[in-house]
Amino acid sequence: MTGVIPLPAAARPGARPVRLVDVPPAERGEDEALVERARTGDSSAFDSLVRKYSPRLYALVYHMTAHREDSYDLLQEVFAKAYQNLPSFRGDSAFYTWIYSITLNLTRNFLKRRGRRQTYSLEELDSSIDSDRIFNALVASSDPVRETDLRDLQRKLNEALQRLSDDHRAVVTMFDIQGIPHAEIGRILGVSTGTVRSRLHYAHRQLQALLADYLR
Amino acid sequence: MDEQEKLSALLRLKRYELPGDDFAETFLASFHRYQRARQERRNAVVEVWERIVNGLEALRRPWVSWAAAGAYGLAVLAVAAWPQPDRSGPRTAALSLDHAPLAALSLAAKGLPPAEVEVDEEGLLPVGFRPDTPESIPGRTALLAAGDRTLHRLNSPRGIRYSPE
């Protein structure tokens, strides 16, 4: 299988996505072993899976909802559902693909229930952004970005993302923020790579229009 | 940087919205509490459900069926044996004092039961006459022509007359 493991991109900003083919077989089999142990009732094995995946899944839900507390609650539902459905997990897909799909489905349902009652509860920006080379290049090349307070920029960015449809926001989150490649996103969403590219294209066009002031 | 590169760079800002290094451990502890609470709620629901199911199971035991059949049989017998009001009294009962005190007094004075009331020479019934049923109007058959279904009551100081018109 080719593709990229959904990285703890949010946990390790700027890290290069790791191709699955780059991952040692032992690590790839680690999830399978943990899942197998958890299925036989070993709760510590499931705890290990929670430890491993909760940061990146939290990031996925958080970028979709722009709300910390809602994301935290939703993530508990995600793992509870995963634990409950573990006996029916047949291993046709990787564990992370399966749990990503659960996460996205529950998040989509939540967003439908929430409707237009959007409120923001944003995480603090990590100070290590100061050393992000690519972001610094943007700051150097864009007067509006340089002149805007980071907190305001963060707010504008989140507002623009929330204007996207749920499907478009999902692909932007997974591709642009979490660094998951098209093929893997396609597997998670159950759509073709072409559909993923198409959604990304339209989402980028919409974001460029919404954030035009900062992209001059 | 072109516009697409600038957008990608701007989106990198989102990667720095982090919950903190101890997130995984904190979340795990919180998840354990969540699971326990969920399990307790589930246990409560399961307990109530089991009680309902056990109650329904009890209804399927033979002695409950026999008891229910016996109770049904007793109820049927009780309804059948309940004393009914006697509706077969004399026809004079239809001549109510409330409705026709004069007729009742008059007929009682003459010692005539209503079935024996007859029209006089002028075709009049006694003042205050009230039939207990439409069929008990003397001469009703003769008065009703073919097709007529109603007799009208005509009161006069000398007596009562029934007429199809």
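Since this is a predicted model, take the numbers as computed values, not measurements.

Visitor: How should the overall build of chain B be read in this particular structure?
Guide: The helix and strand inventory of chain B stands at five helices and two strands. The helix and strand sequence of chain B, counted from the amino end, reads α-α-α-α-α-β-β. Counting only residues that meet the buried cut, chain B has 25% of its 165 residues in that class. Contacts in chain B between residues at least 24 apart in sequence constitute 43% of all its contacts with a sequence separation of at least 6. Put simply, chain B shows about 11,900 Å² of open surface, and 58% of that area lies on carbon and sulfur atoms.

Visitor: Explain the pairing of strand β2 (residues 159-163) of chain B here, please?
Guide: Moving residue by residue along a regular strand, the side chains alternate between the two faces of the sheet. Residues and elements named next belong to chain B. With four of five residues buried, β2 is to be regarded as a mostly interior element. Pairing of strand β1 (residues 152-156) with β2, which is carried by five bridges, proceeds in the antiparallel orientation. For Asn 155, the partnering residue across the bridge sits in β2 and is Ile 160. The antiparallel hairpin formed by β1 and β2 contains two residues in its connecting segment.

Visitor: What is the right way to look at the interface of chain A and chain B in this model?
Guide: Accessible area lost upon the coming together of the parts serves often as the stated size of an interface. On the chain B side, the residues contacting the 50 residues of chain A number 29 residues. Across the interface of chain A and chain B, roughly 4,000 Å² is buried in total on both sides, 66% from carbon and sulfur atoms. It is Tyr 72, Gln 76 and Leu 215 of chain A that lose the most area in chain A upon contact with chain B, and together they represent 15% of the buried surface on that side. The interface formed by chain A and chain B contains two salt bridges. Put simply, Arg 51 of chain A and Glu 25 of chain B hold a salt bridge, and the shortest N to O gap is 2.5 Å. Linking chain A to chain B there are 16 residue pairs in polar contact (both at pLDDT 80 or more). Listed by contribution, the elements that provide at least two residues to the side of chain A that touches chain B are α2 (43-65), α3 (68-85), α5 (133-141), α7 (150-163), α8 (166-177) and α10 (193-210) of chain A. It is α2 of chain A that contributes the most residues to the side of chain A that touches chain B, nine residues altogether. Looking at the side of chain A that touches chain B, its residues break down into 30 nonpolar, eleven polar and nine charged.

Visitor: Looking at this structure, I do not really get the side chain of Lys 14 of chain B. What am I missing?
Guide: Its location among the elements puts Lys 14 of chain B in the loop between α1 (3-11) and α2 (23-59). Among the polar contacts made by the side chain of Lys 14 of chain B, one reaches the side chain of Asn 158 of chain A at a distance of 2.5 Å. Within the local environment of Lys 14 of chain B, its side chain forms a polar contact with the side chain of Glu 17 of chain B, the two groups lying 3.1 Å apart. Leave out the neighbours within four places in its chain, and Lys 14 of chain B touches Tyr 62, His 63, Leu 157, Asn 158, Leu 161 and Ile 177 of chain A.

Visitor: Mind showing me how you'd approach the confidence of the model for chain B here?
Guide: Residues and elements named next belong to chain B. Per-residue confidence for chain B gives a mean pLDDT of 77; residues scoring 70 or more make up 79%. For chain B, helix α4 (residues 101-110) is the element with the lowest average pLDDT, namely 48, and α1 is the one with the highest, namely 92. Within the model, the stretch residues 89-105 combines pLDDT values under 50 with 23 contacts to residues more than four positions away or in other chains.

Visitor: Sorry if this is basic, but what is going on with the packing of helix α4 (residues 95-114) of chain A against α8 of chain A here?
Guide: For any two helices packed against each other, one specifies the crossing angle of their axes together with the interaxial distance. Residues and elements named next belong to chain A. In the contact formed by α4 and α8, the axes pass within 11 Å of each other and the chain directions differ by 140°. Classified by the angle between their axes, α4 and α8 sit oblique to one another. Considering only the axes of α4 and α8, their crossing is right-handed. Facing α4, whose interface residues are Tyr 100, Leu 104, Arg 108 and Leu 111, α8 presents Asp 166, Asp 167, Arg 169, Ala 170 and Met 174. Residues that form the contact of α4 with α8 fall into these classes: five nonpolar, no polar and four charged.

Visitor: Where do I start with α4 of chain A in this structure?
Guide: Given 3.6 residues per turn, any residue in an α-helix points the same way as the ones three and four places further on. Residue and element names in this part refer to chain A. If you check α4, its first and last C-alpha atoms are 28 Å apart, about what 20 residues at 1.5 Å a residue would give, namely 28 Å. Across the 20 residues that make up α4, a large majority, 16, are buried. The positive-phi residue at the C-terminal boundary of α4 is Gly 115, with phi of around 60°.

Visitor: Any chance you could explain the pattern of salt bridges here in plain terms?
Guide: Where charged atoms from two side chains of opposite charge come close, those side chains can pair. All names here are of chain A. Counting across every chain of the model gives 14 salt bridges over all chains. In this structure, Arg 146 and Asp 143 form a salt bridge, with 2.0 Å as the shortest nitrogen-oxygen distance. Taken together, the residues span about one helical turn, with Arg 146 and Asp 143 both in helix α6 (residues 143-147) at a distance of three residues. Judged by relative accessible area, which is 41%, Asp 143 ranks as partly exposed.

Visitor: Would you mind going over the packing of aromatic side chains with me for this structure?
Guide: Any pair of aromatic rings gets described here by the distance separating the centres and the angle formed by the planes. Considering all chains together, one arrives at 15 aromatic pairs over all chains under this definition. On the basis of an interplanar angle of 80° and a centroid distance of 5.4 Å, the ring pair of Tyr 72 of chain A and Phe 27 of chain B is categorised as edge-to-face. With one member in each of two chains, Tyr 72 of chain A in helix α3 and Phe 27 of chain B in helix α2 form a pair that bridges those chains. An aromatic cluster of three or more residues is present, and its members are Phe 46, Tyr 58, Tyr 62, Tyr 72, Phe 79 and Tyr 83 of chain A together with Phe 23, Phe 27 and Phe 31 of chain B.

Visitor: Explain unusual backbone geometry to me, please; I cannot follow it from the model alone.
Guide: One can expect most non-glycine residues to show negative phi and most peptide bonds to be in trans. All names here are of chain A. The residue Ala 66 is not glycine, and still its phi comes out positive at about 60°. Relative to the elements of secondary structure, Ala 66 occurs in the loop between α2 and α3. Classification of Ala 66 by relative accessible area gives buried; the value is 0%.

Visitor: Looking at this model, I keep getting lost on the nonpolar core. Mind explaining?
Guide: A general feature of soluble globular proteins is that nonpolar side chains tend to end up buried together. Phe 46, Phe 79, Phe 95, Met 174, Leu 207 and Leu 211 of chain A together with Leu 10 of chain B are the most contacted members of the largest nonpolar core, which totals 69 residues. If one sorts the elements of this core by residue count, α2 of chain A sits on top with eleven residues. Residues contacting Met 174 of chain A, with those up to four places away along its chain left out, are Leu 60, Tyr 100, Leu 104, Gly 179, Ile 180, Ile 185, Ile 188 and Leu 189 of chain A. Counting eight residues, the second largest nonpolar core, distinct from the first, contains Val 117, Leu 144, Leu 151 and Ile 160 of chain B.

Reading guide: rules and limits
- Residues numbered from 1 in each chain as written.
- Chains lettered and ligands numbered in written order.
- Predicted model: local features only at pLDDT ≥ 70, side-chain atom pairs only at ≥ 80, totals over all residues.
- Heavy atoms only, no water.
- Helix = DSSP H or I, 4+ residues; strand = E, 2+ residues; numbered from the N terminus.
- Buried < 20%, exposed > 50% of the residue type's maximum accessible area, 1.4 Å probe, protein only.
- Contact = heavy atoms within 4.5 Å.
- Areas by Shrake-Rupley, 256 points an atom, 1.4 Å probe, with all protein chains shown as cover.
- Pairing = 2+ DSSP bridges.
- Buried area = accessible area lost by both parts, 1.4 Å probe.
- Salt bridge = Lys/Arg side-chain N within 4 Å of Asp/Glu carboxyl O.
- Polar contact = N/O pair within 3.5 Å; in protein donor to acceptor, adjacent residues only side chain to side chain.
- Nonpolar A, V, L, I, M, F, W, Y, C, P; charged D, E, K, R; others polar.
- pLDDT = per-residue confidence, 0-100.
- Axes fitted to C-alpha atoms, helices over the stretch in contact; angles between N-to-C directions.
- Parallel < 35°, antiparallel > 145°, perpendicular 65-115°, else oblique.
- Left-handed = near helix turned anticlockwise from the far one by under 90°.
- Expected span 1.5 Å × (residues − 1).
- Phe/Tyr/Trp six-rings, centres within 6.5 Å; stacked < 30°, edge-to-face > 60°.
- Core = buried A, V, L, I, M, F, W, Y, C linked by side-chain atoms within 4.5 Å.

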